[in-house]
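Next come the chains, spelled out residue by residue.
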Amino acid sequence: MGKKIIPPHDPQRLNVILNEKQRQIGIDMDGLARQVYERRQKEVHASRARQEEDEEWCITWQRIDSMYEEHEENARKRRYEYGRALKDQCMQKKACTEEKGAAVGIEKGFFDQFGTSHR
């Protein structure tokens, strides 16, 4: 079995482990407690990060949804205006055609002014 490397950033723990008079046989409860605490802190931090990311996505999707609804409303208005303009054009064309038909047609008594035919 190889030696375990103890990081030097914890001088108290390093001193206890390397000093034979202070060394205890058994489990390093302080080290385990610290590891458990650090792991729980990481989990809490990761949970908060996920929650913040979810909130950001929620806001993003709400914006996208409102933009889509606005786009659909504008498209509906454009379709209505287009239909209304098309209907107006058809009505104008119909009125214009009726006016032309009345003006183009041969009016009653038009040929009476010429008298008889020369054939």
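Summarised in this report is the structure supplied together with it.

Conventions we followed
Residues numbered from 1 in each chain as written. Predicted model: local features only at pLDDT ≥ 70, side-chain atom pairs only at ≥ 80, totals over all residues. Heavy atoms only, no water. Salt bridge = Lys/Arg side-chain N within 4 Å of Asp/Glu carboxyl O. Helix = DSSP H or I, 4+ residues; strand = E, 2+ residues; numbered from the N terminus. Buried < 20%, exposed > 50% of the residue type's maximum accessible area, 1.4 Å probe, protein only. Patch = residues over 30% accessible without salt bridge, like charges linked within 9 Å, V, L, I, M, F, W, Y side chains within 5 Å. Areas by Shrake-Rupley, 256 points an atom, 1.4 Å probe, with all protein chains shown as cover.

**With respect to the pattern of salt bridges**
Counting across every chain of the model gives two salt bridges. Across the pair arginine 39 and glutamate 43 runs a salt bridge, and its minimum N-O distance is 3.6 Å. Residue arginine 39 and its partner glutamate 43 are both found in helix α2 (residues 29–104); the two are separated by four residues, about one turn of the helix. Residue arginine 76 is joined to glutamate 73 by a salt bridge in which the shortest nitrogen-to-oxygen separation is 2.4 Å. Placement of both arginine 76 and glutamate 73 in helix α2 is noted, with a separation of three residues, approximately one turn of the helix. Relative accessible area serves as the criterion here: at 32%, glutamate 73 is assigned to the partly exposed category.

**As for a nonpolar patch on the surface**
Taken together, Ile27, Met29 and Leu32 make up a surface patch of nonpolar side chains, about 320 Å² in accessible area. If you trace the backbone, methionine 29 turns up in helix α2. Of the residues examined, methionine 29 reaches a relative accessible area of 55% and is grouped as exposed.

On their own, these measurements won't tell you what the molecule is for.
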